[in-house]
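Architecture and fold: a report
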Amino acid sequence: MTADVTAGRAADRAVRTRIAPSPTGFLHLGTARTALYSWAYARHHGGQFVLRIEDTDVARSTQDSARQILDSMHWLGLDYDEGPVYQMQRLARYHAVAEQMLAAGSAYRCWCTPEELDAMREGQRARGEKTRYDGRWRPAPGKVLPPVPAGVQPVVRFANPLHGAVGWDDLVKGPISIGNDEIDDLIILRPAPEGAPQGTLGVPTYNFAVVVDDWDMAITHVFRGDEHINNTPWQINIFHALGAPLPRFGHCPVILGDDGQKLSKRRGAVSVTAYEEAGYLPEAMLNYLARLGWSHGDDELFTRDQLVQWFDGSHLSRSPAQWDPAKLAWVNAHHMKRADDARLALLTQQQLGRRGVAVDDLERLTRAVALFKDRSATVVELAEAVAMLFAPATPGDEDLAAHVTPAVQPALRELRTQLQATPWTQADIAAALKAVLAAHRLKMPQLAPALRVLVCGRVQTPSIDAVLALFPRAVVLARLQAV
Ligand code: GLU
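Being a predicted model, the structure only gives us computed values, none of them experimental.

1. Observations regarding the overall build of the chain
Looking only at helices and strands, the chain features 20 helices and twelve strands. Taking 23 Å as the expected radius of gyration for a compact globule of 483 residues, we find that the chain reaches 32 Å, considerably beyond that expectation. Along the three orthogonal principal directions, the C-alpha set of the chain runs to about 110 × 45 × 40 Å. A total of 483 residues make up the chain; the buried ones form 49% of that total. Nonlocal contacts in the chain, meaning residues at least 24 apart in sequence, comprise 75% of its contacts between residues at least 6 apart. Per element, the accessible surface of the chain, about 22,000 Å² overall, is 53% carbon and sulfur. Positive and negative side-chain charges of the chain, numbering 51 and 54 respectively, have mean locations separated by a distance of 3 Å.

What follows is the structure, given as structure tokens:
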């Protein structure tokens, strides 16, 4: 007998999704992507999206990590309707459910010590068997349980069904089913602390707390990484034991790094906030992450609203996606072009601040951003491009020697004189340039590189008259003084 998939039941309820990160590190890209799918699915269906912080791994959970996760969600614009709900604040609820299960016989206490469990596995390995809990504390009619040892705090285990199969129709992977004889009795509550009074219940494990929460929060659809696929049969069995309606599950394949290996802390996996620092825009990150593992026809570039409109849980990819920094930069460059100049100016101001370049004149920065954003893939590149307007430019000796040659120096000197008097607009600067070129029988490609090197400290810039107009006149005159 395959356990009921109850897809219909999930479909009958108002859509509620959640993301449930563990605060044991930063919000990594895989979790950000499943958060994005969960959020988009809820928004697409006019449902609700819940943020839950799974902090029952007390030794590894930190407040700092929880705060970083909230910051990342905020940056990506993944607004949630409920939460953050912290699991450690719900211990009483897990204990109440565990008590009910103990009373109903779907859970039982197990006093095995870690040494006993090691010996159990050792024996199984030696006999060539699969290692698993052997059910020695599982009550059964007529069975005599071992004597309760003194000084050992028991765990609580789920009495997994012994027969039949458990299955579900995965939103990503299709139908999955596994025999219950493959699954052992999962620990649902860890031991109470040493010395706690008898009967004290411990902290829940992930697989138990997740079910109680998904049930209490009326979650209808769970998107998560496929590293959890092996946990789902246990969770479904616990849902059944509780008489709780099942959500639908969608397990997304891992994200691979450039080297084809799973992204990990050691292999290129960085936090979502690191991309903010590196000058990526949240809408670009959202676009890139969503597309990594999901498709809508041939669309590569889309907005947040289009994602919400299109994301109905179909077309999720079954095969692992590969992280492609070059494509992310391309997607970001597209969103940079579309971004509002005033907003980009503020982001650029922050990036310049990090480089020790203080900018007070936001109006001038906004004009600069408008001119340079089309050729910058990230806000960091944009900041680097416009820094010369607000901080000294440092031309390289080679560039000076190559471009500021005796052939153009007289023209540069005359231009400097002209620029002292000309009205400070792009058109007037262009007219002054034209006049000087004519008088010295030079062409723009001869003079412009010299001007760029002296004023901007580099050979490449957008149209030189537009760039010069962004500087205060006094700065241009001072930088041309060197000729
Ligand atoms: N805390 C789990 C994780 O971060 C949540 C898994 C789930 O969504 O059920 O992987």
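2. Section: the environment of leucine 186
Assignment of secondary structure puts leucine 186 in the loop between strand S7 (174-179) and strand S8 (187-189). The buried category is assigned to leucine 186, whose relative accessible area is 10%. Beyond its immediate chain neighbours, meaning those up to four positions away, leucine 186 contacts Val156, Arg157, Phe158, Asn207, Trp234 and Ile238.

3. Quick notes on the site of the ligand
The environment of the ligand is formed by Arg18, Ala20, Pro21, Ser22, Glu54, Tyr206, Val210, Arg224 and His228. For the ligand, an oxygen atom lies 2.7 Å from a polar atom in the side chain of histidine 228. Isolated, the ligand exposes 300 Å² of accessible area, and the fraction of that covered by the protein chains is 85%.

4. A word on the packing of aromatic side chains
Summed over all chains, the structure comprises eleven aromatic pairs. Between phenylalanine 223 and phenylalanine 311 the ring centres are 6.2 Å apart and the planes differ by 65 degrees, which places this aromatic pair in the edge-to-face class. Linking phenylalanine 223 in strand S9 (residues 221-225) with phenylalanine 311 in the loop between helix H10 (304-310) and strand S12 (321-322), this pair joins segments that are 88 residues apart in sequence. With relative accessibility at 0%, the residue phenylalanine 311 sits in the buried group.

5. Quick word on the side chain of asparagine 332
Structurally, the position occupied by asparagine 332 is in helix H11 (residues 325-338). Those residues in contact with asparagine 332, other than ones at most four positions away along the chain, are Gly279, Tyr280, Leu281, Ala284, Ala377 and Thr378.

6. Comments concerning the confidence of the model for the chain
Low-pLDDT stretches of the model should not have their predicted coordinates read in fine detail. Overall, the predicted model of the chain reaches an average pLDDT of 94, with 96% of residues at or above 70. Here residues 1-8 scores under 50 on pLDDT; set against residues more than four positions off or in separate chains, the count is 18 contacts.

7. So, unusual backbone geometry
Omega for the peptide link from glycine 83 to proline 84 comes to 5 degrees, which places this bond in the cis form. For proline 84, the position within the fold is in strand S3 (residues 82-86). For alanine 218, which is not a glycine, the phi torsion comes out positive at approximately 55 degrees. Within the secondary structure, alanine 218 is located in the loop between helix H6 (206-216) and S9. Here alanine 218 falls in the partly exposed class, since its relative accessible area comes to 30%.

8. Overview of the side chain of histidine 251
Mapped onto the fold, histidine 251 is located in strand S10 (residues 248-252). A distance of 2.6 Å separates polar atoms of two side chains, one belonging to histidine 251 and the other to aspartate 170.

9. Description of the pairing of S7
A regular strand carries its side chains on alternate faces of the sheet. As paired elements, strand S6 (residues 165-170) and S7 share six bridges and run antiparallel to each other. Bridging across to S7, alanine 165 finds its partner in glycine 179. Taken together, S6 and the strand that follows it, S7, pair antiparallel across an intervening segment of three residues.

10. So, the sheet that holds strand S5 (residues 155-158)
Ordered by their spatial adjacency, three strands build an open sheet running S4-S5-S8, and the pairing between neighbours is antiparallel. Strand pairing shows two members of the sheet lacking a second neighbour, strand S4 (107-110) and S8, which therefore form its edges. Sheet twist, expressed as the average angle between the axes of neighbouring strands with direction ignored, equals 45 degrees. One ladder, built from two bridges, connects S5 with S8; its direction is antiparallel. Bridged to arginine 157 within S8 is isoleucine 187. The sheet strands contacting helix H4 (residues 91-104) are S4, S5 and S8, and the helix crosses S4 at an angle near 95 degrees.

11. Focus: the packing of helix H18 (residues 444-456) against helix H20 (residues 473-480)
With their axes 8 Å apart at the nearest point, H18 and H20 run at an angle of 110 degrees to one another. Taken together, the axis directions place H18 and H20 in an arrangement best described as roughly perpendicular. Between H18 and H20, the residues in contact are Leu451, Leu454 and Val455 and Val476, Arg479 and Leu480, respectively. Tallied by class, residues from the contact of H18 with H20 come to five nonpolar, no polar and one charged.

12. Remarks on helix H14 (residues 379-386)
A turn of α-helix holds 3.6 residues, and therefore any two residues three or four places apart point the same way. Of all eight residues making up H14, six are buried, and the element is well covered by its neighbours. Residues of H14 that are buried: Val379, Val380, Leu382, Ala383, Ala385 and Val386. Contact partners of the buried residues in H14: helix H8 (272-277), H11, helix H12 (341-354) and helix H13 (362-372).

13. Some details on the pattern of salt bridges
Throughout the structure, instances matching the rule amount to 29 salt bridges. Residue aspartate 81 is joined to arginine 43 by a salt bridge in which the shortest nitrogen-to-oxygen separation is 3.1 Å. You can see aspartate 81 sitting in the loop between helix H3 (63-76) and S3 and its partner arginine 43 sitting in helix H2 (residues 29-44), a full 38 residues away along the chain. Between aspartate 216 and arginine 93 there is a salt bridge, with the nearest N and O atoms lying 2.7 Å from each other.

14. Brief notes about the nonpolar core
Looking at soluble globular proteins, one finds that nonpolar side chains tend to be buried together. In this structure, Leu307 and Trp323 are the most contacted members of the largest nonpolar core, which totals 97 residues. Ranked by residues supplied to this core, first place goes to H2 with nine residues. In this view, leucine 307 contacts Leu36, Trp39, Ala40, Leu286, Ala290, Trp294 and Phe302; residues no more than four positions away in its chain are not counted.

15. Observations concerning H12
With 14 residues, H12 ought to run about 20 Å at 1.5 Å a step, and its terminal C-alpha atoms sit 20 Å apart, in line with that. Within H12, burial applies to Leu344, Ala345, Thr348, Gln351 and Leu352. Down the axis of H12, the sector holding all buried residues measures 125 degrees, keeping them to one side. In this structure aspartate 340 caps H12, since a side-chain oxygen of it lies 3.3 Å from the backbone nitrogen of alanine 342.

Criteria and cut-off values
- Residues numbered from 1 in each chain as written.
- Predicted model: local features only at pLDDT ≥ 70, side-chain atom pairs only at ≥ 80, totals over all residues.
- Heavy atoms only, no water.
- Helix = DSSP H or I, 4+ residues; strand = E, 2+ residues; numbered from the N terminus.
- Rg over C-alpha atoms; globule rule 2.2 N^0.38 Å.
- Buried < 20%, exposed > 50% of the residue type's maximum accessible area, 1.4 Å probe, protein only.
- Contact = heavy atoms within 4.5 Å.
- Areas by Shrake-Rupley, 256 points an atom, 1.4 Å probe, with all protein chains shown as cover.
- Lys, Arg positive; Asp, Glu negative; His and termini not counted.
- Charge placed at Lys NZ, Arg CZ, Asp CG, Glu CD.
- Near = heavy atom within 4 Å.
- Polar contact = N/O pair within 3.5 Å; in protein donor to acceptor, adjacent residues only side chain to side chain.
- Phe/Tyr/Trp six-rings, centres within 6.5 Å; stacked < 30°, edge-to-face > 60°.
- pLDDT = per-residue confidence, 0-100.
- Pairing = 2+ DSSP bridges.
- Axes fitted to C-alpha atoms, helices over the stretch in contact; angles between N-to-C directions.
- Parallel < 35°, antiparallel > 145°, perpendicular 65-115°, else oblique.
- Nonpolar A, V, L, I, M, F, W, Y, C, P; charged D, E, K, R; others polar.
- Salt bridge = Lys/Arg side-chain N within 4 Å of Asp/Glu carboxyl O.
- Core = buried A, V, L, I, M, F, W, Y, C linked by side-chain atoms within 4.5 Å.
- Expected span 1.5 Å × (residues − 1).
- Arc of directions from axis to C-beta.

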